[in-house]
Amino acid sequence: MTAQSYKFPQDFIWGASTAAHQIEGNNTNSDWWAREYAPQTDLKEPSGDACDSYNRYEEDIRLLAQSGLTMYRFSIEWARIEPIEGVYSRAQLLHYRAVIDTCHKYNIEPMVTLHHMTLPLWFASQGGWLRDDAADIFSRYIEYVKPILHDVTWVCTINEPNMVALTQGGTEGSDFAASSLPSPDSIISQHLVEAHKRARDVLSSIEGVKAGWTIACQAFHAIPGCEAEMEAYQYPREDYFTEAAAGDDFIGVQAYLRTFIGKNGPVPIPTDAERTLTGWEYFPPALGIAVHHTWEVGRHTPIFVTENGIATSDDSRRIDYTYDALAGLHSAMNDGITVHGYLHWSLLDNYEWGSYKPTFGLIGWDKETFERQPRPSLGWLGEIGQTGIVQHPTR
């Protein structure tokens, strides 16, 4: 029997996401670079050259455009813009302006993220988000970047602030080991909310801008009888940040997995469950669940799916996962939830915060030559971007 097809609205936006530190390479003035090369580092491998997208961004954008996708979400690296406190690089600012211009050259709409996990080393070494003046420092950076955003509509202020708070500002754990992360730091959480609001104030002077931030959503499930424990666990790790975004132009939903909560916190994944290369349970319905939850907690603030994908070495499984995730998203939209678009994570295989093993990319690349290797999933998703019709190629 042929699998069901799903028709999305004509104005629905389709694209893919990346993050600067994970694809650019040689982000030497950042806290993550210092952590990667520390003598007693806890990370498996450093980012190094990554996939050299700092130099090869036009090819990456061209491949995205040729596939049929129409939006590219990328981030500006604060550590490049302000490598030393109060010292700004005009050349780096113009580099990111060139990325925006290249998007426009290929009729790709840019979505620009202003902070994606990494910090300038000088800021991190002085306490980072724990500093009382963190919001002042962040808004000063946004003021410097603002002139290159004059024709950018979609702007993310901070990526996954809940993960930033969970990792104590990026100094503990990794982005894909959520079950082992410490409790979020309440001061960091508060300062991130303040920084987001300050950034939105700065961006509000740009005509036509739509600003929001993105939340890492884990589709929390309660073990029967543990509903109160789940709510207590979920609130500081997710809902606090979603509530803070209520009334923004959009909330970015980033969903990959579900997490069961018992009396003592997260419950291990069943041994017989299919796992991805990050160790997460294979669970495509997480996206639809996350969209529903964010819509309610965010008081019906419009949603943009800014990340969703799977770490796998089997590209056909990537298509399976994405098809089922989009089925859940379509159902959520049929329930009346406003969703502007869907951005796949990730356009490229990238540095997943300590390891290159988890391959999320619609495009792979040769580690010796950096030659891009588009996968069938890129063409499949690009065709959806052109038709708005989600069909499974083999089912």
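In this text, all values refer to a predicted model and were calculated from it rather than measured experimentally.

Thresholds applied
- Residues numbered from 1 in each chain as written.
- Predicted model: local features only at pLDDT ≥ 70, side-chain atom pairs only at ≥ 80, totals over all residues.
- Heavy atoms only, no water.
- Helix = DSSP H or I, 4+ residues; strand = E, 2+ residues; numbered from the N terminus.
- Rg over C-alpha atoms; globule rule 2.2 N^0.38 Å.
- Buried < 20%, exposed > 50% of the residue type's maximum accessible area, 1.4 Å probe, protein only.
- Contact = heavy atoms within 4.5 Å.
- Areas by Shrake-Rupley, 256 points an atom, 1.4 Å probe, with all protein chains shown as cover.
- Lys, Arg positive; Asp, Glu negative; His and termini not counted.
- Charge placed at Lys NZ, Arg CZ, Asp CG, Glu CD.
- Axes fitted to C-alpha atoms, helices over the stretch in contact; angles between N-to-C directions.
- Parallel < 35°, antiparallel > 145°, perpendicular 65-115°, else oblique.
- Left-handed = near helix turned anticlockwise from the far one by under 90°.
- Nonpolar A, V, L, I, M, F, W, Y, C, P; charged D, E, K, R; others polar.
- UniProt positions renumbered as here; feature names shortened; annotations may be inferred.
- Expected span 1.5 Å × (residues − 1).
- Pairing = 2+ DSSP bridges.

Colleague: Just give me the short version of the overall build of the protein, but keep the residues and values in it.
Modeller: Helices and strands together make up the secondary structure of the protein, namely 13 helices and 15 strands. Computed over the C-alpha atoms, the radius of gyration of the protein is 20 Å, within 12% of the 21 Å expected from 2.2 N^0.38 for a compact globule of 395 residues. Taking the principal axes of the C-alpha coordinates as reference, the protein spans close to 60 × 50 × 45 Å. Residues counted as buried form 61% of the 395 residues belonging to the protein. The contacts in the protein between residues at least 6 apart in sequence include a share of 78% that link residues at least 24 apart. Carbon and sulfur atoms form 49% of the exposed surface of the protein, whose accessible area is close to 15100 Å². In the protein, the 29 positive side-chain charges and the 52 negative ones have mean positions that sit 2 Å from each other.

Colleague: Mind laying out the packing of helix H7 (residues 134-145) against helix H9 (residues 186-203), listing which residues take part and the relevant values?
Modeller: Orientation of H7 relative to H9, taken along the N-to-C sense of each, is 30 degrees, at an axis distance of 9 Å. Taken as axis vectors, H7 and H9 run roughly parallel relative to one another. Crossing of H7 over H9 shows right-handed handedness. Facing H7, whose interface residues are Ala135, Asp136, Phe138, Ser139, Ile142 and Glu143, H9 presents Glu194, Ala195, Arg198, Ala199, Val202 and Leu203. Of the residues in the contact of H7 with H9, the class split is seven nonpolar, one polar and four charged.

Colleague: Provide a residue-level description of the packing of helix H3 (residues 53-67) against helix H5 (residues 90-105), including the pertinent values.
Modeller: Running from N to C, H3 and H5 point in directions that differ by 10 degrees, and their axes come no closer than 9 Å. When the axis of H3 is compared with that of H5, the two are roughly parallel. The segment H3 lies against H5, with Tyr54, Tyr57, Glu58 and Ile61 engaging Gln92, His95, Ala98, Val99, Thr102, Cys103 and Lys105.

Colleague: I'd love a proper account of the UniProt feature "active site" (unreviewed entry) in the protein, names of residues and values included.
Modeller: Here, UniProt's "active site" (unreviewed entry) annotation points to Glu307. By the secondary structure assignment, Glu307 is in strand S11 (residues 303-307). You can call Glu307 buried: its relative accessible area is 4%. Every residue in contact with Glu307, bar those within four places of it in the chain, is listed here: Arg73, His116, Asn159, Glu160, Val253, Gln254, Ala255, Tyr256, Leu343 and Trp345.

Colleague: Quick one: what's the story with the environment of Ile363, residue by residue and with numbers?
Modeller: Among the structural elements, Ile363 can be located in strand S13 (residues 363-365). Look at Ile363 and you get buried, because its relative accessible area is 0%. Excluding residues that lie within four positions of it along the chain, Ile363 makes contacts with Leu63, Leu347, Leu348, Asp349, Arg372, Gln373, Pro374, Arg375 and Leu378.

Colleague: Would you mind going over H7 in detail, with residue names and values included?
Modeller: Between its first and last C-alpha, H7 extends 17 Å over 12 residues, near the 16 Å set by a 1.5 Å rise per residue. By the burial criterion, the buried members of H7 are Ala134, Ala135, Ile137, Phe138, Ser139, Tyr141, Ile142 and Val145. The inward-facing, buried residues of H7 abut helix H4 (78-81), H5, helix H6 (121-125), strand S5 (154-159) and H9.

Colleague: Which residues make up helix H11 (residues 286-297), and what values do they have?
Modeller: Across its 12 residues, H11 extends 16 Å between first and last C-alpha, which sits within 8% of the 16 Å expected from 1.5 Å per residue. For H11, the full list of buried residues reads Ala286, Leu287, Gly288, Ala290, Val291, Thr294, Trp295 and Val297. Packing partners of the buried residues in H11 comprise strand S6 (210-217), helix H10 (227-245), strand S8 (250-255), S11, helix H12 (315-334) and strand S12 (339-345). Just downstream of H11 lies Arg299, where phi reads positive at about 55 degrees.

Colleague: Could you give me a rundown of the pairing of strand S9 (residues 259-262), with the residues and numbers involved?
Modeller: Where strand S7 (residues 220-222) lies against S9, three bridges are found, and the strand directions are parallel. Paired with His221 across the two strands is Phe260, which belongs to S9. With two bridges joining them, S9 and strand S10 (residues 265-266) adopt antiparallel strand pairing. Of the residues in S10, the one forming a bridge with Gly262 is Gly265.

Colleague: Lay out unusual backbone geometry with the relevant residues and their values.
Modeller: At the junction of Trp345 and Ser346, the peptide bond is cis and its omega measures out at 5 degrees in the coordinates. Tracing the backbone through its elements, the reader meets Ser346 in the loop between S12 and S13. Backbone geometry at Ala50 places phi at a positive 50 degrees, although glycine is not the residue there. Following the sequence through the fold, Ala50 ends up in the loop between helix H2 (31-36) and H3. In the Ramachandran plot, Trp353 falls in the positive-phi region, its phi being about 50 degrees despite a non-glycine side chain.

Colleague: Explain the sheet that holds S7 residue by residue, including any values.
Modeller: With mixed pairing, the three strands of this open sheet are ordered in space as S7-S9-S10. One side of each edge strand has no neighbouring strand; the edge strands of this open sheet are S7 and S10. Contacts from H10 reach S7, S9 and S10 within the one sheet, and its direction differs from that of S7 by about 160 degrees.

Colleague: Which residues make up the sheet that holds S12, and what are the values?
Modeller: Spatial strand order, S2-S3-S4-S5-S6-S8-S11-S12: eight strands in a closed barrel with parallel pairing. Within the sheet, the average angular offset between the axes of one strand and its neighbour, ignoring direction, is 30 degrees. Pairing geometry for S8 and S11, over four bridges, is parallel. Paired with Ile251 across the bridge in S11 is Ile303.

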